[in-house]
Amino acid sequence: MGVVEELPDWVEGLPEATLEVFAQLDAVYAYEWRWPAPQLADTPVGKLTESWDDARWRAMGLWAQLRMRILWDGVTPYGYCPVLIAVPTALARRRLGWAPDEIALLWRAAATPLAGGQERDEMFKMPVAALKRLPAADRAPHLDLLRQAKARLDNAAWTARWPAKRFIDDVLAEQSDPVAAAQILVAGLDDFATVLRTDYAERLGAPGILPVLRHWTTATTARPSPAWLSRAAALRTPEAVALARQILGLIPAYRERVERRRRDDYEWTVVTYLHERTATLLRGMLWACEPVDEPWVTALLGDVAVATGTGIGGSGANARSELLANAAIGVLARRGGPDVVAQLARVQAKVRKKSILAGVNRTLEAVAVQTGLSPEQLLERTVPDFGLGPDGTRTERGLTLSLDDVISYSARTSIPKRVREEHADVLAELRSTAKELKKALPAERFRVEGALATERIWRWADVCRHYLDHPVTGSFGRALIWEILQGPAGLPVRVNGSWELTDPAGRRIQPFPDTPVLLWHPISHTADEVRGWRDHLMDHGPRQPFKQAFREVYLLTPAEELTHDHSRRFAGHLLRYGQAKALLTGRGWTGMSLGHWGWEYGSSQAEAVKEMPGGLTARWDFHLDAESGDRDGYGTVSICVSGDLHFTDEHDRRVPLAEVPPLVLSEVLRDADLAVGVTSTGLDPEGQGDYWRSYGFGDLSETARVRRDALLRLLPRLALADRAEVTDRFLRVRGDLRTYKIHLGSGNILMDPDDAYLCIVPRGVGDPVLLPFEEDGGMLSVILSKAFLLAADTSITDPSITRQIAARMSN
């Protein structure tokens, strides 16, 4: 049947010449699948069009629009006919003189719902092309059909990225009052957009901002063109800049919405952050910030890049919005100069998405070329000092900001009301600085520890300038051991205005300015040297910002020599998946994604990857166990199983473990040990099963052995020294009621004489003593807290603990 017979009500009133074209086209048209999709001229329909005039082309467009309705509103609602779909694509490019009634029919066919609530963007190509060529005043008769189409498309979120949807919103916005226009342009497709529509619509619709808003919504390409930036500059007003700053400032605190949905017996998780329409609008705001010469711009761009470049929950190898993260980094890159480096360093420390990090690295390299420095030199030379003095403090009008981002007044952290009122401007500025300082410190710690793990070499003069004298980086560098290349090592001390090194015996070492130095690593030194530094730090300090003297060392084992190209040292552990993923991501690993529903959501197998020096890549396998689906209800993965760990070179070939540099091997295995030691289910105080018993009370890992070594040095200094002793795997504590054995790996507890298990769940444990290093995972603090508690077991009031102790005593 032809179009006239199928849709008699739709063709009523059409000219006879148009119906004749319909008949000609119906005579040669047949539904068929053809791939690749043909050009219109290569189809039977297209071959009729030789020497056609404008009227016949328009008739063909009407026929195709109605024929598509027949296809998708009838017996083949989900069919696809490349021959038919070639028509609207070709005709949309032609400059046809559509009559008003023809435009109305095109839009009526597009706006009327199709079977099953489906949407087809092909239905809108010719209507949009026809309406685009009309002046704004001539579009008024078609607005009702546009509103009908908008109502349909608004109910299908995936249509928001269609050019047709944007066109419809733009046209309707032109014909609406300013506030309604702003609400149409924003499109409330996520929680962030909803806030903009409800709280900011009036300001967005203001005369000086609405044209800017329209321009922001056109940021649909990966980077702005010169014409886009020129137009943005022409439209920019102080009010628009202030509003963009306020709206973009909401992004760091904005979080994704996670929903569990269910249909029949199938349940799934939906995570919503920013819809593409909202992200495009925000990208336009970011681009518009590029020429703004204000001090807040660079820091705000860094905040946006970190917030959107990290994964759901603030970690992981994915990104909340790669579109926005790349936009922010792109603006930083185009602004250039040393000022952007500190923000890029923050992104490097927090973000793990490879494509985003590639953009960061390109920007750093470009700025480095401008300055004649390497990217590493550029990073260390551009760390902001936040106005802090050499002692790590900044004082203005009696208010003091310290390196731990605490603001005090006359040594009091509680600032009097009078001071808050009289010096409100200074206090606000110090609080803003404290906020930026709090963000910068983790990035600097990450960068400095990375230099330890890669054996970077400096000139001593550069170490003094950038790692000892600097008020921020110096807080880390002054607590670390520095080693002259192939020479002695020492802690920095300032003598007569210059820096020297002092070894554990008190011998002073004065390097020359050009002397090559590096951070000391225990893997290159004898057991006696390592022991000497550990004893020295215990006796005299300082507290190190990360493990250096107490750093674990992992040498190749006989078992790994046999397996040749892979290690099973940390295989077969049951790990809390989310926690393990976050920890490894924070240490530079990517790619650890597991799920229950196939490749689209993450498979049952994954490989965590970390780029290492020398072109090597560490790869650690993970998988889900057989009970995983039932345990998780096929929802979010809770537990994963660790597998083999191996290395590949730049050609993706496996590298024998014996050929991996010892420092690289040790640092990778240290990451693996840390992941197991912090996230293993064997740490669960209420655990059970064979793995829990094996891990919770078995042999010590290298991390636990270093913990044991630290405890041997700490114990004589503690108040409970006469009640505790360190054995091979346990800290044995004598209470008044029982004697307890705390495992040095898991922190789990057994009670003498029958090794009955005692469950104590740590709650907000802090350091009971000052440790000689900042500890990843905090297990030593947990063990010591339990030891102090159990040494005074007659003072325990928690009934969940006293019941367990009393029950075993009565047996």
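Now for a description of the structure that goes with this document.

**Section: the pattern of salt bridges**
- What the rule picks out here adds up to 60 salt bridges.
- Here D644 ties to R568 by a salt bridge, and the two come within 2.2 Å at their closest N and O atoms. A residue pair is termed long-range when its members are at least 10 positions apart, and D644 in strand β16 (residues 639-648) and R568 in the loop between β12 (566-567) and β13 (574-576) qualify at 76 residues.
- Taking the shortest distance from any N to any O, the salt bridge between R732 and E725 comes out at 3.9 Å.
- Among the charged side chains, a network of salt bridges with common partners joins R445, E449, K547, R551, E552, R587, K610, E667, R670 and D671.

**Some thoughts on the nonpolar core**
- Counting residues in hydrophobic clusters, the biggest one holds 126 residues, and the most contacted among them are W107, F124, L204 and W216.
- The greatest single-element share of this core, amounting to 11 residues, is contributed by helix α4 (residues 54-72).
- With residues near it in sequence (within four places) discarded, W216 still touches L204, W228, A240, A244, T280, L281, G284, M285 and A288.
- The next biggest cluster of nonpolar side chains, apart from the first, holds 81 residues, and it includes V660, L683, I742 and F773.

**Describing helix α32 (residues 702-714)**
- Taking 1.5 Å per residue, 13 residues should reach 18 Å; α32 reaches 18 Å between its end C-alpha atoms and fits that length.
- Of all 13 residues in α32, 10 are buried, a share of seventy percent or more.
- Those residues of α32 that fall on the buried side of the exposure criterion are E702, T703, A704, V706, R707, D709, A710, L711, R713 and L714.
- Close packing links the buried residues of α32 with α26 (527-540), α30 (662-679), β17 (724-726), β18 (730-734) and α33 (779-791).

**Concerning empty space enclosed by the protein**
- Applying the stated criterion across every chain yields a total of three cavities of 30 Å³ or more.
- For the lining of the largest cavity, the secondary structure elements donating two or more residues are α13 (210-216), α15 (238-248) and α16 (276-288).
- In terms of residue count, α15 provides more of the lining of the largest cavity than any other element does, three residues in total.
- Across the lining of the largest cavity, the residue classes break down as 10 nonpolar, no polar and one charged.

**Regarding a nonpolar patch on the surface**
- On the surface, V258, V271 and I312 cluster together into a nonpolar patch covering about 250 Å² of accessible area.
- Here I312 lies in the loop between α17 (296-309) and α18 (322-335).

**Topic: the sheet that holds strand β20 (residues 749-751)**
- If you walk across this open sheet you meet the five strands as β17-β18-β19-β20-β21, and the pairing is antiparallel. Of all the strands in the sheet, just β17 and β21 (756-758) have a single pairing partner and so form its edges. Averaged over all pairs of adjacent strands, the angle between their axes in this sheet comes to 25°, without regard to strand direction.

**Here's the deal with the sheet that holds strand β6 (residues 457-459)**
- Pairing in this open sheet of six strands is antiparallel, and the strands run β6-β11-β7-β8-β9-β10 from one edge to the other. Sheet topology places β6 and β10 (508-509) at the edges, where each strand pairs with a single neighbour.
- Strand direction decides the pairing type here: strand β8 (residues 489-495) and strand β9 (residues 498-502), joined by five bridges, are antiparallel. Counted as the bridge partner of V493 is E500 from β9.
- Across the sheet, α26 is in contact with β8 and β9; its angle to β8 comes to roughly 40°.

**Observations concerning the packing of helix α8 (residues 143-154) against helix α9 (residues 163-174)**
- The N-to-C vectors of α8 and α9 enclose an angle of 130°; their axes lie 10 Å apart at closest approach. As far as their axial angle goes, α9 and α8 are oblique. Considering how the two elements wind past one another, α8 and α9 form a crossing that is left-handed. Between α8 and α9, the contacting residues are L143, L146, R147, A149, K150, L153 and D154 on the first element and K165, I168, D169, V171 and L172 on the second.
- Broken down by class, the residue content of the contact of α8 with α9 amounts to seven nonpolar, no polar and five charged.

**Quick notes on the packing of aromatic side chains**
- Applying the stated criterion to the full structure yields 16 aromatic pairs.
- An angle of 65° between the planes, with centres 6.3 Å apart, marks the rings of Y554 and F570 as edge-to-face. Taken as a pair, Y554 in the loop between α26 and α27 (558-563) and F570 in the loop between β12 and β13 lie far apart in primary sequence, 16 residues in all. For the pair Y554 and F570, a shared accessibility class is recorded, and that class is buried.
- When the centroid spacing of 5.8 Å and the interplanar angle of 90° are considered together, the rings of W692 and F697 count as edge-to-face.
- By relative accessible area, F697 is classed as buried at 13%.

Analysis parameters
- Residues numbered from 1 in each chain as written.
- Predicted model: local features only at pLDDT ≥ 70, side-chain atom pairs only at ≥ 80, totals over all residues.
- Heavy atoms only, no water.
- Salt bridge = Lys/Arg side-chain N within 4 Å of Asp/Glu carboxyl O.
- Helix = DSSP H or I, 4+ residues; strand = E, 2+ residues; numbered from the N terminus.
- Core = buried A, V, L, I, M, F, W, Y, C linked by side-chain atoms within 4.5 Å.
- Buried < 20%, exposed > 50% of the residue type's maximum accessible area, 1.4 Å probe, protein only.
- Contact = heavy atoms within 4.5 Å.
- Expected span 1.5 Å × (residues − 1).
- 1 Å grid on protein atoms, 1.4 Å probe; cavity = no way out; pocket = protein on both sides within 12 Å on 5 of 7 lines; lining within 4 Å.
- Points joined across faces, edges and corners; volume = space filled by probe spheres on them.
- Nonpolar A, V, L, I, M, F, W, Y, C, P; charged D, E, K, R; others polar.
- Patch = residues over 30% accessible without salt bridge, like charges linked within 9 Å, V, L, I, M, F, W, Y side chains within 5 Å.
- Areas by Shrake-Rupley, 256 points an atom, 1.4 Å probe, with all protein chains shown as cover.
- Pairing = 2+ DSSP bridges.
- Axes fitted to C-alpha atoms, helices over the stretch in contact; angles between N-to-C directions.
- Parallel < 35°, antiparallel > 145°, perpendicular 65-115°, else oblique.
- Left-handed = near helix turned anticlockwise from the far one by under 90°.
- Phe/Tyr/Trp six-rings, centres within 6.5 Å; stacked < 30°, edge-to-face > 60°.

Function-wise, these values are silent; they only describe arrangement.
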